[in-house]
Amino acid sequence: GVFVGYRGYDARDVEPAFPFGFGLSYTTFAFGPLVLESVELGPGGPRVVASVALTNTGEREGSEVVQLYVADVAASVARPPKELAGFRKLRLGPGETASARFELGPRAFAFWDEVRGDWSVESGRFELLAGSSSRHLPSTAAFVV
């Protein structure tokens, strides 16, 4: 099923030794707010463009993989608490800031509906969460379908 790896750990509230996406660096990074640049609601589901600023707060050049997760807050079917929807690797010099931009189509918010035999997006509240691992997600935004 879908409750494998980080999805299963999150669903069962298990704290892994190293969360999905965890990595070490010789520098530090700070995440800005997650900005919903556009949210278009269509018959097949939402299309969302979101971005988050990342700043290298350390004294060395370094890379960070910005991860974006989607959470269906009140799903009527069993779904993981959050699912990876996209990622971007940014390489930044000391003090440098850049944005990671994500374009998500309806499939990022859908689940497989066994009754219909097709992907389905429910109405309700969705959250987007951005950060450096499945457990470090400091930037969030929400919208309603």
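Above this note sits the structure.
About the criteria used
Residues numbered from 1 in each chain as written. Predicted model: local features only at pLDDT ≥ 70, side-chain atom pairs only at ≥ 80, totals over all residues. Heavy atoms only, no water. Pairing = 2+ DSSP bridges. Helix = DSSP H or I, 4+ residues; strand = E, 2+ residues; numbered from the N terminus. Axes fitted to C-alpha atoms, helices over the stretch in contact; angles between N-to-C directions. Polar contact = N/O pair within 3.5 Å; in protein donor to acceptor, adjacent residues only side chain to side chain. Core = buried A, V, L, I, M, F, W, Y, C linked by side-chain atoms within 4.5 Å. Buried < 20%, exposed > 50% of the residue type's maximum accessible area, 1.4 Å probe, protein only. Contact = heavy atoms within 4.5 Å. Patch = residues over 30% accessible without salt bridge, like charges linked within 9 Å, V, L, I, M, F, W, Y side chains within 5 Å. Areas by Shrake-Rupley, 256 points an atom, 1.4 Å probe, with all protein chains shown as cover. Salt bridge = Lys/Arg side-chain N within 4 Å of Asp/Glu carboxyl O.

Asks: Describe in detail the sheet that holds strand β4 (residues 83–92), supporting the description with residues and values.
Replies: Read from one edge to the other, the open sheet built from four strands follows the order β4-β3-β8-β9, with strand pairing classed as antiparallel. Edge positions in the sheet fall to β4 and β9 (139–144), since each of these pairs with one other strand and no more. This sheet shows a mean twist of 15 degrees between the axes of neighbouring strands, independent of strand direction. Two strands pair when backbone bridges link them, and strand β3 (residues 62–72) and β4 are joined in this way by nine bridges, in the antiparallel orientation. Opposite E64, over in β4, you have L90 as the bridge partner.

Asks: Break down the sheet that holds strand β5 (residues 97–104) for me, citing the residues and quoting the values.
Replies: Ordered in space as β1-β2-β5, the three strands form an open sheet in which the pairing is antiparallel. Here the strands that pair on one side only, and so sit at the sheet edges, are β1 (29–42) and β5. Each neighbouring strand pair of the sheet contributes to a mean axis angle of 15 degrees, computed without reference to strand direction. Here eight bridges tie strand β2 (residues 45–56) to β5, and the two strands are oriented antiparallel to one another. Pairing of A53 across the sheet is with S99, part of β5.

Asks: Outline the environment of H136, listing residues and values.
Replies: Within the secondary structure, H136 sits in the loop between β8 (125–131) and β9. It is 21 Å that separates the C-alpha atoms of H136 and E103, two residues lying 33 residues apart in sequence. For H136, the side chain forms a polar contact with the side chain of S132, separated by 2.9 Å.

Asks: Any chance you could break down the nonpolar core for me, citing the residues and the numbers?
Replies: In this structure, L34, V52, L54, V66, L68, F109 and L128 are the most contacted members of the largest nonpolar core, which totals 21 residues. Counting only elements with at least two residues in this core, the list comes to β1, β2, β3, β4, β5, β8 and β9. For this core, the element with the most residues is β2, which contributes four residues. When near neighbours in sequence (up to four residues on either side) are disregarded, L34 contacts A50, S51, V52, L68, L128, L129, A130, S139, T140 and A141. Within the second largest apolar cluster, five residues are counted, among which are Y6, Y69, A71 and L137.

Asks: If you had to explain a nonpolar patch on the surface to someone new, which residues and values would you point to?
Replies: On the surface, a cluster of nonpolar side chains totalling about 330 Å² of accessible area is made up of F20, V65, L84 and F87. Here F87 is to be found in strand β4. We classify F87 as exposed; its relative accessible area is 52%.

Asks: Outline the pattern of salt bridges, listing residues and values.
Replies: Pairs can form between side chains of opposite charge once their charged atoms are near each other. By the definition in use, this model includes 10 salt bridges. Taking the shortest distance from any N to any O, the salt bridge between D10 and K82 comes out at 2.6 Å. Taken as a pair, D10 in helix α1 (residues 6–11) and K82 in the loop between β3 and β4 lie far apart in primary sequence, 72 residues in all. There is no split in this pair, since D10 and K82 are both buried. Between E37 and R101 there is a salt bridge, and its shortest N-O distance comes to 3.1 Å. With E37 in strand β1 and R101 in strand β5, this residue pair connects regions lying 64 residues apart in the sequence. Classification of E37 by relative accessible area gives partly exposed; the value is 41%. The exposure class of R101 is partly exposed, given its relative accessible area of 40%. Look at the salt bridges and you will find they share partners, linking D10, E15, K82 and R135 into a network.

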